[in-house]
Number of protein chains: 2
Amino acid sequence: MNDFYAILDTMQKQSVVFFTPGPAQLYPTVKKHIQTALETNICSISHRSKQFEEIFSSTIANIKKLFNIPKNYHVFFLSSGTEAMALTILNCVDTESFHFVNGSFSKRFFKIAEALRKEPKKIEVDFGKGFDFTNLNIPQSTEVICFTHNETSTGVFTLLKEVYPLRKQYPDALFALDIVSSAPYADVDFSKFDCVFFSVQKGFGLPAGLGVIALSPRTMQKAIDLYEKGGNIGSYHNFPILLHYAQKNQTHETPPVLEIYLLGKVLEDMLDTGIKTIREETDAKAKLLYDFFENHPRWSVFVKEKKLRSPTVITINTGSETAKIKLYLAEKGYIVGGGYGEHKETQIRIANFPTHTMEQMKELLKAFENF
Amino acid sequence: MNDFYAILDTMQKQSVVFFTPGPAQLYPTVKKHIQTALETNICSISHRSKQFEEIFSSTIANIKKLFNIPKNYHVFFLSSGTEAMALTILNCVDTESFHFVNGSFSKRFFKIAEALRKEPKKIEVDFGKGFDFTNLNIPQSTEVICFTHNETSTGVFTLLKEVYPLRKQYPDALFALDIVSSAPYADVDFSKFDCVFFSVQKGFGLPAGLGVIALSPRTMQKAIDLYEKGGNIGSYHNFPILLHYAQKNQTHETPPVLEIYLLGKVLEDMLDTGIKTIREETDAKAKLLYDFFENHPRWSVFVKEKKLRSPTVITINTGSETAKIKLYLAEKGYIVGGGYGEHKETQIRIANFPTHTMEQMKELLKAFENF
């Protein structure tokens, strides 16, 4: 892979489009917002100032608006999606969590619960596969059921309408949902979930370093109960401490102020475009990509079952040609992701995020065609 | 205080110098480095790529070089100084920590240990005071002794040469040191400490969102022992996991890549200037400030004992004039910090970081004089 990075190095100053599934291409307005932030000293303001409190509250308000999050849910800033997984386990689980594992990130969620000395259970299927949600046997003692909306490692998408009915079957469990690589496309009915999280370096096209988590009142109560029972729910970012500071539009630590500002600005831009438009455009670009690879003579779509195909991370079997294709595309100015884990050398993953235009997708496919 | 923020708002586009003790004035080269980062797509590169690994390893190497950290110490990236406190407690303490409390941040360290269900002990003195390190009675069962090099809330500095002899008195305890607001000025003999941490938004003049921690081999062993005994040492950022990924020049989560890149670049700039020069300049600017306020007819230096006066955070008793002084200075383009906690309305804190030039300090004092 050294050739690949050599090319990347020489290309750094040229016009490049990153189709990698995170960190990804910056959203088109990000550079402008960074300039404004620098001109207005956003990086130097105090995180205990009224200015910061306004940035905090308006960014939270924009998140709630874009995702249509119920008014009584709490929204907090974290450092990453991985941290969100750890906090979900610490704050929602005394003993038992349950995980649907079909790729590296749902497995990470499970492994974090193990590392935290819980007793996680799981259903595990092969990479590229989904789950039969109509035929489950989850212990009723389960405290949180963890779903991954979009497996970034494989491009398998979970249809939320298949998950919603489980709510009645497992009324005592909290429902957690990882939308790290499906947000903001993810159209989640938050009344069906208690704990939903994402990070900003994928679909929002922002520099990495910020996670966001939305919590139902039930989740907050569970964290408080665990703490009062004497449990260790984490310290500087446990849910009650996050709430304590959020009520003042502040954070415990000095937070990544620039990141929070930039997220607020990109959310404004996305609200201007309209989430409906963003979702429709994502679907249209995804259709273009899947149609192309579905009909390709040598390459194929990894996820066989159509309803499981992710609109935001398209995974293609490109076999022994993978390294050569990536090199060829890089020379043309298109950076695509490799496969994940054991599929590293035989698959290509293409991100289809709001930053990517239909025009760019067509040009990318032209380059694939000319390979 | 609304007037103050109103002025801040109208001044945002003007030339302003922040003398606030963090987040602070950006280091002079930061804007240029951000431009370069944007031009070279640093925000879009994969955190599993060779490019990132190079940024990671060169930044760590620069940290070790600037602080003269022993080769066998581990250096990791975190999200904040507050997170560093929590991780220190989780990874170094089964039951007992000991804290020197003389301000809000040393108290935070203590409170985090309490929240994590440990049994922390402390010596507590009034704000503005230091400790008599020659006359201590710390239990020999203490697992970690926590020192705050520079109390950001009060401007009290701890003379490390008074701490070093304790190493022989308490050979079994780990020694932790918070250098959040003294770095990079802090001239630490790392062989006398096991766990030293800072964040980047103060003395390094970088956007907030990154912490750094340096650990002795003993500390790493303690964390491993605690984990193997069945302890909860945290999950996504526990010391063994940080080590696991750092050995590959990577991180568990998607880290703040831009922040790490910027820290590496500012460290290069500081190494070019020379740490000796930075320390000498800091001392010279501190002397100027203390001499001025020491001789002022109405205002006075908060920390009475000269040897305890922080070179990096200068705290002045400005009494009932405080709000008016801050307003006047803001109109002139100088933003200073208020007092901390109960001293909010009666003190001013002035940061003296590497970003601040002697010229700027003289102009600031001229403004104080003309008030």
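Please read these numbers as outputs of a predicted model, since none were measured by experiment.

### A word on the relation of the copies chain B and chain A
When chain B is fitted to chain A, the residual RMSD is 0.0 Å, and the transformation amounts to a turn of 180° plus an axial shift of 0.0 Å. Taken together, the rotation angle and the small translation identify this as a two-fold axis.

### Description of the interface of chain B and chain A
How big an interface is tends to be reported as the loss of accessible area on association of its parts. At the interface, 51 residues of chain B touch 50 residues of chain A. Elements supplying a minimum of two residues to the side of chain B that touches chain A: helix H1 (2–11), helix H2 (30–39), helix H3 (50–67), helix H4 (81–92), helix H5 (104–115) and helix H10 (257–273) of chain B. Residues that form the side of chain B that touches chain A fall into these classes: 22 nonpolar, 21 polar and 8 charged.

### What about the domain arrangement of chain A?
Residue and element names in this part refer to chain A. Segmentation of chain A into domains returns domain 1 (2–21 + 274–370) and domain 2 (30–271). Between the C-alpha centres of domain 1 and domain 2 there is a distance of 27 Å. Each partner contributes residues to the interface: domain 1 has 23 residues there, and domain 2 has 21 residues. The element that contributes the greatest number of residues to the side of domain 1 that touches domain 2 is helix H11 (residues 275–294), accounting for 4 residues. Its residues assigned to classes, the side of domain 1 that touches domain 2 shows 12 nonpolar, 6 polar and 5 charged.

### Notes on the pairing of strand E9 (residues 195–199) of chain A
Residues in a regular strand point their side chains to alternate faces of the sheet. Residue and element names in this part refer to chain A. With respect to burial, E9 is a largely interior element, 5 of its 5 residues being buried. Neither face of E9 is open: one carries Cys195, Phe197 and Ser199, the other Val196 and Phe198, and all of them are buried. The sheet contact formed by strand E8 (residues 174–178) and E9 spans 3 bridges and is parallel. Paired with Asp178 across the two strands is Phe197, which belongs to E9. Where E9 lies against strand E10 (residues 211–215), 5 bridges are found, and the strand directions are antiparallel. Bridge assignment links Phe197 to a residue of E10, and that residue is Ile213.

### So, unusual backbone geometry
Residues and elements named next belong to chain A. Of note, the amide linkage connecting Gly22 to Pro23 takes the cis form, showing an omega dihedral of -10°. Mapped onto the fold, Pro23 is located in the loop between strand E1 (17–19) and helix H2 (30–39). With an omega of 0°, the peptide bond between Ala183 and Pro184 qualifies as cis. Within the secondary structure layout, Pro184 lies in the loop between E8 and E9. A positive phi angle, near 55°, is found at Asn68, a position not held by glycine. Position of Asn68 among the secondary structure elements: in the loop between helix H3 (50–67) and strand E2 (74–78).

### Re the environment of B:Phe77
Residue and element names in this part refer to chain B. For Phe77, the location among the structural elements is in strand E2 (residues 74–78). For Phe77, a count of 23 C-beta atoms within 10 Å corresponds to the buried category. As for Phe77 and Thr251, which are separated by 174 residues in sequence, their C-alpha atoms are 8.1 Å apart.

What counts, and where the lines are drawn
- Residues numbered from 1 in each chain as written.
- Chains lettered and ligands numbered in written order.
- Predicted model: local features only at pLDDT ≥ 70, side-chain atom pairs only at ≥ 80, totals over all residues.
- Least-squares fit on C-alpha atoms with pLDDT ≥ 70 in both.
- Contact = placed C-beta atoms within 7 Å.
- Helix = DSSP H or I, 4+ residues; strand = E, 2+ residues; numbered from the N terminus.
- Nonpolar A, V, L, I, M, F, W, Y, C, P; charged D, E, K, R; others polar.
- Domains from an automatic or database assignment.
- Buried ≥ 20, exposed ≤ 12 C-beta atoms within 10 Å, placed from the backbone.
- Pairing = 2+ DSSP bridges.

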